[in-house]
Amino acid sequence: MKQITKITAQRRSGRFNVFVDDEYAFAVSTNVLGEFMLAKGKELTEAQIMVIKQAEQNAKAQEQALSYLSYQPRSIKEIRQYMAKQEVDAETTEVVVKRLIELGYLDDDNFAKLFINNALTVGTDGPRQIMNKLRQKGLTGDQIALHLDEVDPADFIATGLKIVQPMTRQFGRLSQRELLQKMRQKLMQHGFTSELIQPILDAIDLGDDEELQNDALLTQGIKAYKKIQEIFWV
């Protein structure tokens, strides 16, 4: 058996150095100190010392994970990736992940809801784009589909309108048909499905200004004429 002969406080608040048989053995936090009731005179086996050191390692890793979570919600996969970057071993990482799930700090279903709500607020992603991003964060297709199905289609239509509305300024330089085609392509690039794209385009009010339409056709005619000229004058 070994005996704790001294415990001293570090300059860093909440940290302590533990000396066993008059030699420095390990450092612990206030929580681990209390959890194992460490005090001068307490006797420890080698196995107990190993358990205490592992508990301290777990506590330190959990503190790192909580700090990472304090900036914004994270998925379970993101936490694992972060811990790997911090060179925390896989066994400790899984202990921390399990503990954070139990405490409610990690919840992929809740993360998906928050992520989707934020995406709708920002207003740049359609459902397919959101699904791809959530897959990258480690969520399953079933998890994502479940929460996307809860979104009112009107919310996605509003997001789509926000994306293509600035393009209406091109009306007059482009014909209505050409402009709607460009809008369709842009919405597809942002991950909108055909079921959502058509209602979005139907909601776009380009008006029936005959003069603008004629101007657009004239512009396109001039472009075509110049292109033909270039071919023949080369």
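Details of the structure are given in the entry above.
Residues numbered from 1 in each chain as written. Predicted model: local features only at pLDDT ≥ 70, side-chain atom pairs only at ≥ 80, totals over all residues. Heavy atoms only, no water.

Concerning the packing of helix 2 (residues 46–69) against helix 4 (residues 90–103)
Here's step 1: Between helix 2 and helix 4, whose axes approach to 9 Å, the crossing angle comes to 60°. When the interaxial angle is binned, helix 2 and helix 4 end up oblique. Helix 2 and helix 4 meet at a crossing whose hand is right-handed. Across from Q54, Q57, N58, A61, Q62, A65, L66 and L69 in helix 2, the residues of helix 4 making contact are T92, V95, V96, R99, L100 and L103.
Here's step 2: Of the residues that constitute the contact of helix 2 with helix 4, the class distribution is eight nonpolar, five polar and one charged. (Axes fitted to C-alpha atoms, helices over the stretch in contact; angles between N-to-C directions. Helix = DSSP H or I, 4+ residues; strand = E, 2+ residues; numbered from the N terminus. Parallel < 35°, antiparallel > 145°, perpendicular 65-115°, else oblique. Left-handed = near helix turned anticlockwise from the far one by under 90°. Contact = heavy atoms within 4.5 Å. Nonpolar A, V, L, I, M, F, W, Y, C, P; charged D, E, K, R; others polar.)

Quick look at the packing of helix 5 (residues 108–122) against helix 6 (residues 127–136)
Here's step 1: Contact pair helix 5 / helix 6: the axes reach a minimum separation of 11 Å and the direction vectors enclose 140°. Taken as axis vectors, helix 5 and helix 6 run oblique relative to one another. Two packed elements cross with a definite hand, and for helix 5 against helix 6 that hand is right-handed. Between helix 5 and helix 6, the contacting residues are F111, A112, F115, I116 and A119 on the first element and I130, K133 and L134 on the second.
Here's step 2: Its residues placed into classes, the contact of helix 5 with helix 6 shows seven nonpolar, no polar and one charged.

Considerations on helix 10 (residues 194–203)
Here's step 1: If you check which residues of helix 10 are buried, you get L196, I197, I200 and L201. Viewed end-on, helix 10 has its buried residues packed into an arc of 130°, placing them on one side of the element. For helix 10, the exposed residues lying more than 90 degrees away from the buried face are E195 and D202.
Here's step 2: Looking at the buried positions of helix 10, the neighbouring elements they touch are helix 6, helix 8 (153–164) and helix 9 (176–189). (Buried < 20%, exposed > 50% of the residue type's maximum accessible area, 1.4 Å probe, protein only. Arc of directions from axis to C-beta.)

Let's talk about the pairing of strand 3 (residues 23–29)
Here's step 1: In this sheet, strand 3 lies alongside strand 2 (residues 15–20) in antiparallel orientation, the contact comprising six bridges. Bridged to F19 within strand 3 is Y24.
Here's step 2: With antiparallel pairing between neighbouring strands as the criterion, strand 2 and strand 3 make up a hairpin whose turn holds two residues, including D21 at a positive phi of roughly 50°. (Pairing = 2+ DSSP bridges.)

Thoughts on the sheet that holds strand 3
Strand pairing in a sheet is mediated by backbone hydrogen bonds. Such pairs are either parallel or antiparallel.
Here's step 1: Taking strand neighbours across the sheet as the criterion, the four strands line up as 3-2-1-4 in an open arrangement whose pairing is antiparallel. A single partner strand is all that each edge strand has here, and the edge strands are strand 3 and strand 4 (43–44).
Here's step 2: Of the pairings in the sheet, the one linking strand 1 (residues 2–9) to strand 2 comprises five bridges and is antiparallel in character. For I7, the partnering residue across the bridge sits in strand 2 and is V18.

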